[in-house]
Amino acid sequence: MKQLFISTLLALTASAWAQVPANVEVKDAWVRATVAQQKSTGAFMQLNAKADTRLVEVRSPIAGVVELHEMAMDKDVMRMRPVKAGLALPAGQPVELKPGGYHVMMMDLKGPVKAGDVVPVTLVFEGKDGQRSTLDVKATARPLGNAAAAAPAAAANDHSQHKH
Ligand SMILES: [Cu+2]
């Protein structure tokens, strides 16, 4: 009886966790396709939070290590570095992860990423109250050098043209 009670409690806790809505809208998520031997790549997207939130963690089954990076000048050289405290997403203010700016760094890739691949990405957000929520998004791989084609306006039409 006690055993049953504990497992019910665990189940309730787990579902409560899963039901916390991620108060963030994600648009136009994509991953840059890789070339042979390439072991890392970047993922990009637009994030729009309804309430002040931070993006604190990103996961993906295609990569051994996933980090949030930013580009910054270091003695006249543009370098990337991890965003340690998470990326702030102020309410109602869209934040764009894009080449040359904030990006999701995927390292230790388990295999090549081909253009057209659909890459599952899990975003972990933390609200002001410390409450965490997750959001699963699907990022489509785009060919290398096609970053300029990442026009947000084209994203809405993208879906109707692809057959899922
Ligand atoms: Cu990086």
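**Some words on the overall build of the chain**
Scanning the chain from N- to C-terminus turns up two helices and ten strands. The buried share of the chain, taken over its 164 residues, is 21%. Looking at the chain alone, contacts between residues at least 24 apart form 72% of all its contacts between residues at least 6 apart.

**Side note on the pairing of strand E1 (residues 24-32)**
As defined by bridge partners, E1 adjoins strand E2 (residues 41-49) across six bridges and the pair is classed as antiparallel. What sits directly across from Lys-27, in E2, is Gln-46. Taken together, the three bridges between E1 and strand E10 (residues 132-142) define a ladder with parallel strand orientation. In the strand pairing of E10, Val-31 is matched with Ala-141.

**Some thoughts on the pairing of strand E3 (residues 53-59)**
Of the pairings in the sheet, the one linking E3 to strand E6 (residues 87-89) comprises three bridges and is antiparallel in character. Paired with Thr-53 across the bridge in E6 is Leu-89. Inspection of the sheet shows E3 paired to strand E9 (residues 118-127) by six bridges, in the antiparallel sense. Along E9, the bridge assignment pairs Val-58 with Leu-123.

**What to know about unusual backbone geometry**
In the Ramachandran plot, Asp-76 falls in the positive-phi region, its phi being about 70° despite a non-glycine side chain. Mapped onto the elements, Asp-76 comes out in the loop between strand E4 (63-74) and strand E5 (77-82). What makes Asp-76 exposed here is the crowd of 5 C-beta atoms within 10 Å.

**As for the nonpolar core**
Core analysis: the biggest nonpolar cluster contains 27 residues, and Val-31, Ala-43, Met-45, Val-119, Val-121 and Ala-139 have the highest contact counts within it. Those elements giving two or more residues to this core turn out to be E1, E2, E3, E4, strand E8 (103-109), E9 and E10. The element that contributes the greatest number of residues to this core is E2, accounting for five residues. Those residues within four positions of Ala-43 in sequence are excluded, and the remaining contacts are Ala-29, Val-31, His-103, Val-104, Met-106, Val-121 and Ala-139.

Conventions adopted
Residues numbered from 1 in each chain as written. Predicted model: local features only at pLDDT ≥ 70, side-chain atom pairs only at ≥ 80, totals over all residues. Helix = DSSP H or I, 4+ residues; strand = E, 2+ residues; numbered from the N terminus. Buried ≥ 20, exposed ≤ 12 C-beta atoms within 10 Å, placed from the backbone. Contact = placed C-beta atoms within 7 Å. Pairing = 2+ DSSP bridges. Core = buried A, V, L, I, M, F, W, Y, C linked by C-beta atoms within 7 Å.

Note that every value here comes from positions in space, so none of it alone points to a role or purpose.
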